[in-house]
Amino acid sequence: MDKKRIWSKAWMGAIVAAFVAAVGIFAVMLQVERKALSEYERGVIYVAARRIPKGEMITEKNFEKFLKQMELDQKVIPGTALVNPEQLVGLTARIAIDEGTLLTEGMFERQSEALAGMEHPVIASFKAEDLYQVVGGVLRASDRIHIYTVAEDGLASLIWEEVYVEQVFDNGGNAIAGDDPDSCAQRINVYLDAGEVEQFYTELARGALRVVKVCE
């Protein structure tokens, strides 16, 4: 009987010791987890809430439509990430951006960048029928085009390089979205310097202009 009591006490002691050890290990792990969490610095970034078409400008009106916040470990957020609304409003997408993409500076541009070098930028408009073969109607906002003039002897000369397309419209006057692959651009608005407008429309009137799209 005494031996049974001794064994019983021994087992009880072993169980208590194991329990105490388990509690100790749990406490240590909890401390380690708390330390790891304390070192985890969270940062807020912006990602695409839906697909952002090429040439789409981020405005206060469409901000929530195209963008949403996400928290990440600060260590994995790139230095070029766009992290506040002030950075984003007024930017235009250089490329089509898929839903869920972490947004960085290189994906966008400001209109001021596109108009750099112009003293007095203005918007000039022309119809597709005014030019011979306007890139098959596939031009979209934020595209760049080269504009050539063709002399009477048939020789072409580059007159305007990297002209920024401000917006394009279909035959009904509706703006064509950057991710619309089917609609044919019938009217095109481009940025020119004010001093170039007279030459542009003179050459346009005599049917001497040709357009080439810049492929990135």
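Below is a summary of the structure that appears in this document. Computed from a predicted model, the values in this text were never measured in an experiment. (Residues numbered from 1 in each chain as written. Predicted model: local features only at pLDDT ≥ 70, side-chain atom pairs only at ≥ 80, totals over all residues. Heavy atoms only, no water.)

Some details on the overall build of the protein chain
Just so we agree on the cut-off: Under the scheme used here, helices are H or I runs from DSSP no shorter than 4 residues and strands are E runs no shorter than 2 residues, and both carry numbers assigned from the N terminus. Three exposure classes are used, based on accessible area relative to the maximum for each residue type with a 1.4 Å probe and protein chains only: buried under 20%, partly exposed in between, and exposed over 50%. We call two residues in contact when some of their heavy atoms are within 4.5 Å. Only the protein chains shown count as cover for residues, with accessible areas throughout obtained via the Shrake-Rupley method and a probe of 1.4 Å.
Looking only at helices and strands, one finds 5 helices and 9 strands in the protein chain. Start at the N end of the protein chain and walk to the C end: the helices and strands fall as α-β-α-β-α-β-β-α-β-β-β-β-α-β. Looking at the 216 residues of the protein chain, the share that counts as buried comes to 31%. For the protein chain, contacts bridging at least 24 residues in sequence account for 65% of all contacts bridging at least 6. Taken as a whole, the protein chain presents about 13,700 Å² of accessible surface, with 55% of it coming from carbon and sulfur.

Describing the sheet that holds strand 5 (residues 121–127)
Basically, it comes down to this: Two strands form a pair only when DSSP identifies at least two bridges running between them. Here the axes come from fitting lines to C-alpha atoms, over the contacting stretch only for helices, and the angles between their N-to-C directions go from 0 to 180 degrees.
Overall, antiparallel pairing links the 5 strands, which are arranged 5-8-7-6-9 in an open sheet. One side of each edge strand has no neighbouring strand; the edge strands of this open sheet are strand 5 and strand 9 (209–213). Put simply, the sheet's adjacent strands are angled 40° from each other on average, direction ignored. Of the strand pairs in this sheet, strand 6 (residues 144–150) and strand 7 (residues 156–169) are connected by 6 bridges, and their pairing is antiparallel. Across the sheet, residue isoleucine 145 finds its bridge partner in strand 7, namely valine 163.

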